[in-house]
Amino acid sequence: LSDRLGGVFDRLTKQGALTEDDVTAAMREVRTALLEADVSLPVARSFVKSVTGKATGASVTKSVTPGQQVVKIVHDELIKVLQGEDAPEALRIDNPPAPILMVGLQGSGKTTTTAKLAKRLKDREKKRVLMASLDTNRPAAMEQLAILGTQIGVDTLPIVKGESAVQIAKRAKQQASLGGYDVYMLDTAGRLHIDQVLMDEVQAVRDVANPRETLLVVDGLTGQDAVNVATEFDEKVGVSGVVLTRMDGDGRGGAALSMRAVTGKPIRFVGLGEKMDALEGFDAQRIAGRILGMGDIVSLVEKAQEVLEVEQAERMMKRFQKGLFNMNDLRNQLEQMQKMGGMGSIMQMMPGMAKMAKQAEEAGMDDSAVRRQIALINSMTKKERANPALLQASRKKRIAAGAGLDVSELNRLLKMQRQMGDTMKKLGKMGKGGMLKQAMR
Ligand code: GDP
Ligand code: MG
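Residues numbered from 1 in each chain as written. Chains lettered and ligands numbered in written order. Predicted model: local features only at pLDDT ≥ 70, side-chain atom pairs only at ≥ 80, totals over all residues.

**With respect to the overall build of the protein chain**
Here comes step 1: In terms of helices and strands, the protein chain carries 20 helices and ten strands.
Here comes step 2: Counting the 441 residues in the protein chain, one finds 40% classified as buried. (Helix = DSSP H or I, 4+ residues; strand = E, 2+ residues; numbered from the N terminus. Buried ≥ 20, exposed ≤ 12 C-beta atoms within 10 Å, placed from the backbone.)

**Section: unusual backbone geometry**
Here comes step 1: That bond from Pro96 to Pro97 is cis: its omega, -5°, falls within 30 degrees of zero.
Here comes step 2: Among the structural elements, Pro97 can be located in the loop between α4 (66–83) and β3 (98–103).
Here comes step 3: Here the phi dihedral of Arg246 falls at roughly 60°; this positive angle occurs in a residue that is not glycine.
Here comes step 4: Inspection of the secondary structure assignment puts Arg246 in the loop between β8 (241–245) and α10 (254–263).

**As for the nonpolar core**
Here comes step 1: Ranked by size, the top nonpolar core spans 81 residues in total, and within it Leu186 and Val218 carry the most contacts.
Here comes step 2: No fewer than three residues from each of domain 1 (2–86) and domain 2 (98–281) sit in this core.
Here comes step 3: Among residues more than four places away in sequence, those in contact with Val218 are Gly104, Ser108, Ala226, Val229, Ala230, Val242, Leu244, Ala255 and Met259.
Here comes step 4: Core analysis: the next-biggest nonpolar cluster, separate from the first, contains 16 residues, Phe320, Ile399, Ala400 and Leu413 among them. (Core = buried A, V, L, I, M, F, W, Y, C linked by C-beta atoms within 7 Å. Domains from an automatic or database assignment. Contact = placed C-beta atoms within 7 Å.)

**Re the site of ligand 1**
Here comes step 1: Neighbouring ligand 1 are 17 residues, the closest being Gly109, Lys110, Thr111, Thr112 and Gly271.
Here comes step 2: Looking at the shell around ligand 1, the element that brings in the most residues is helix α5 (residues 110–125), giving three residues. (Near = placed C-beta within 6 Å.)

**Regarding the UniProt feature "domain: SRP54-type proteins GTP-binding" (unreviewed entry) in the protein chain**
Here comes step 1: Under the feature "domain: SRP54-type proteins GTP-binding" (unreviewed entry), the UniProt entry names residues 266–279.
Here comes step 2: For the annotated span residues 266–279, helix accounts for 0% and strand for 43% of the residues, and the straight-line distance between the end C-alpha atoms is 16 Å. (UniProt positions renumbered as here; feature names shortened; annotations may be inferred.)

**Concerning the sheet that holds β8**
Think of a sheet as strands paired side by side through backbone hydrogen bonds, with each pair either parallel or antiparallel.
Here comes step 1: Strand order across the open sheet formed by eight strands is β5-β4-β6-β3-β7-β8-β9-β10, with mixed pairing between neighbours. Strand pairing shows two members of the sheet lacking a second neighbour, β5 (155–156) and β10 (279–281), which therefore form its edges.
Here comes step 2: Pairing analysis gives five bridges linking strand β4 (residues 129–133) to strand β6 (residues 183–187), with the strands arranged parallel. What sits directly across from Ser133, in β6, is Asp187. (Pairing = 2+ DSSP bridges.)

So, in structure tokens, the structure goes:
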């Protein structure tokens, strides 16, 4: 994608805001990239439409191209859609024994994922887990789960020949209660395609077990088809979350976006191999990078935004050199301190300033002090902020009262502003000699 976008934007060297034409051209490429990553067509379309609205008029950071800027916007939006609002890993497994129903097509990775997840619950959350295979069509599938169980040290429900899936589910529930298990997992049979028999069976099992979580296991390489599968299972059985398997393969992972956009269900985990510990919590950032396939551009744009902050800092320096340091500047510095959990970044960059910041810290400049000082500045008028010399007794009283603080605290703030202003001015003069410029690097 990055190459192609580069082509589109090579001719555009101008900076400033993204025009509609810039965005439209880039979005054609983004759409193609999404389709190549196996995102389904309607999802790709609606995604592009929503991003187009957001990107048009967005400003382009100096030192990156409009194409790169668009990629960043697309990337951020992708993460937003993929992430959703729910905590992805939080399985509802309170109230033991909590049933977890695993559903999906044959070969999607249900049995493997059941065992991986059981291991994870056992190792990380110290849960006692019971697994049961409901795959009555294929005795080998039941064996498969039993073998995995032995391997990871998780109990499986003993196999009884001739039982129906519903009968097994009932027995698992009973056994889980009697045996004091925290969780029991039902690994259902899959079919190659969705059909009525499969859905009827899964529904019957659901009604018996009343699962706390119904996890749909989907092959991450299936692409377009994955959406139909997800929609169907969600309508017929009700799905609470998705597990994408085979994300270790070379697929682009577009199924993740389709899945999230169409069903609105959170992707809980991704399978990254055949081994029992190859299961990870869903990481939207990683998948987004994979779908667009250009992590380096994204970090480049992030870098550029850092540059922007330095430019802002330089602009402030110019003010200081002229001896300008009013309450707005002070508030700026205080807010930076808050943001960074320490001294302001400009202070850090200026020789001599680090010492002063340390003095401030020693003088009791903790978080709450900074908050109070900002409150005082906020209760000044615009004029007062720009010109603190205006502050006479009556104004001081009003301001302190407005912030709910003592006048003595306001006096300390004013003293600090004057001292800092003086220091800034001195440093600013030195700065003309080039020393400060160096410190800014
Ligand atoms: P089921 O029919 O849905 O129960 O699918 P299985 O759990 O039996 O898995 C089918 C095949 O896919 C097995 O060979 C698994 O080892 C393999 N498999 C499952 N999950 C993954 C995964 O995340 N990555 C890879 N590479 N293979 C997987
Ligand atoms: Mg299976």
